[in-house]
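Summary of structural features
If you want the building blocks of each chain, they are given just below.
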Amino acid sequence: MDPVRNPYAPGAGQRPPELAGRDKQLTAFEVVLERIARGRPERSVVLTGLRGVGKTVLLNHLRSAAIARSWGTGKIEARPDQGLRRPLSSALHMAVREIAAAHPDPESVDHFLGVLKSFALRATADKAMRERWQPGIDAPAVKGRADSGDIEIDLVELLVDAAGLARDVGVGIALFIDEMQDLGPDDVSAICGACHELSQDTAPLIVVGAGLPHLPAVLSASKSYSERLFTYHRIDRLDREAADHALIAPAEREDVEFTAEALDVLYENADGYPYFVQAYGKATWDVAAGSPITADDVRVGAPAAEEELAVGFFGSRYERATPAEREYMRAMADLAGDDGPVATSKIAVELGRKPASLSPARDGLIKKGLIYSAERGFIGFTVPHFGRYLRAQSD
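Conventions adopted
- Throughout this document, residue positions are counted from 1 along each chain, in the order its sequence is written.
- Where totals are concerned, whole chains, interfaces and linings use all residues; where local detail is concerned, this predicted model gives features only for residues with pLDDT of at least 70, and gives and counts side-chain atom pairs only at 80 or more.
- Excluding hydrogens and water, the side-chain figures rest on all heavy atoms present in the structure.
- Being paired, for any two strands, means DSSP has found at least two bridges between them.
- In this text, helices come from DSSP runs of H or I with a minimum length of four residues, and strands from runs of E with a minimum of two, each type numbered from the N-terminal end.
- Axes here refer to lines fitted to C-alpha atoms; in helices the fit is confined to the stretch in contact. Angles between the N-to-C directions go from 0 to 180 degrees.
- Note on contacts: a residue pair qualifies if any of its non-hydrogen atoms lie within 4.5 Å across the two residues.
- The term bend refers to the angle at a residue between two fitted axes, each drawn through seven residues, those ending there and those starting there.
- The buried label applies to any residue whose accessible area, calculated with a 1.4 Å probe on protein chains only, is under 20% of its type's maximum; exposed applies above 50%, and partly exposed to all values in between.
- One side-chain nitrogen of Lys or Arg within 4 Å of one carboxyl oxygen of Asp or Glu is enough to make a salt bridge.

Attention now moves to the sheet that holds strand E4 (residues 205–211). Whenever strands of a sheet pair, they do so through backbone hydrogen bonds, lying parallel or antiparallel. Strand order across the open sheet formed by five strands is E2-E3-E4-E1-E5, with parallel pairing between neighbours. Every interior strand has two partners, whereas the edge strands, strand E2 (72–77) and strand E5 (230–234), have only one. The mean angle between the axes of side-by-side strands here comes to 15°, regardless of whether they run parallel or antiparallel. Bridge count between strand E3 (residues 173–178) and E4: five bridges; the pairing is parallel. Following the sheet pairing, Leu175 is matched in E4 by Val207. Against the sheet, helix H3 (residues 85–100) makes contact with E2 and E3, and its axis sits at roughly 160° relative to E2, the strand it touches most.

This is how it looks when you write it as structure tokens:
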């Protein structure tokens, strides 16, 4: 098979040739956009799931849906070592620029940009540093609005003003936040507070976040009412029909077919995880002699897919862990026969250590996004089949 024509695309956040199995979430978001367009109250949206299930891809599709309705949009990727002000300022600046040309009062737009600039400049406490760093907003800073230094107060004021601009134009603004669980506690609290204020005002501005399975717990720890602020969508692996469609539809556009047995083996290997579906599909295509692609082609291509996953998906994450953290993960893997959540008390017993002595390793792994707190007293891998990978490494 011609590798140039290979339609499959394994990659972090890379758009697959066919977005399969996400119709429910796409339809629900279209309803959100339409309700807001009609002045109806709506909640912001949160997507949660393990790595490799396609959260970022879906987030980008939702952004495309908003853009198709002429909304202003901006996107950021949260990082544990970065505050919210600078990246959110850039994202909101982009969103406002997208709707500014349609605004009937350019002076109002310029005034908002001045408020946005003041908000952004508060990201740096040192006055001399603020004078050296500029956020790239072509407007003089407006003092006295969204620049108190309290992120919760400032974000509410900023987003309420932004929503006012969007309302003037008759559209909305959507801010997309990937890896939302990596926001700091103050920033999470600020986002929840702002979403609460916006929802009470039926304002045409929403936040669409994506993150690991424990993101709802992070939000709830910040504001007890957060479960009522957001519509939550759990993004999981694809069922058999959707996984087959993700493989068949792109191949059909290249006049290529799969045998039923090939699809059986592919689903068994990929287990429905979208990233794995793309990885095994790509490797199988490259080794297949022609159409139809057979089960033997899948078996021949599988080692290449597994090697790619071992290096790029599993290995790169394992290398980020310290020796103590690797020991902790190996104990998790030995205890999690099905890669499900494991009791932290059992890990301590497995390692012959007191639970308190393992807290630094556990906390380090959580901060690195390798494990998450599934529920009180339980820990799970953020990467599907990571336990299987670790067990294979020790065999």
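On to helix H12 (residues 295–318), then. The largest bend along H12 reaches roughly 40° and is located at Gly301, with the proline Pro303 sitting one to four residues downstream. Ala295, Asp297, Val298, Gly301, Ala302, Ala305, Leu309, Phe313, Phe314, Gly315, Arg317 and Tyr318 are the residues of H12 that are buried. Residues of H12 that are buried make contact with helix H10 (260–270), helix H11 (274–287), helix H13 (323–335) and helix H16 (386–394).

The tally for this structure, following the rule as stated, stands at 24 salt bridges. A salt bridge links Glu34 to Arg38; its shortest N-O distance comes to 2.7 Å. Between Lys282 and Asp286 there is a salt bridge, with its nearest N and O atoms 3.7 Å apart. One end of the pair, Lys282, and the other, Asp286, are both in helix H11, four residues apart, so they sit about a helical turn from each other. For Lys282, a relative accessible area of 33% puts it in the partly exposed group. Overall, the relative accessible area of 33% leaves Asp286 in the partly exposed class. Connected through shared salt-bridge partners, Glu30, Glu34, Arg38 and Arg69 make up one network.

Just geometry here; none of it tells us what the structure is for.
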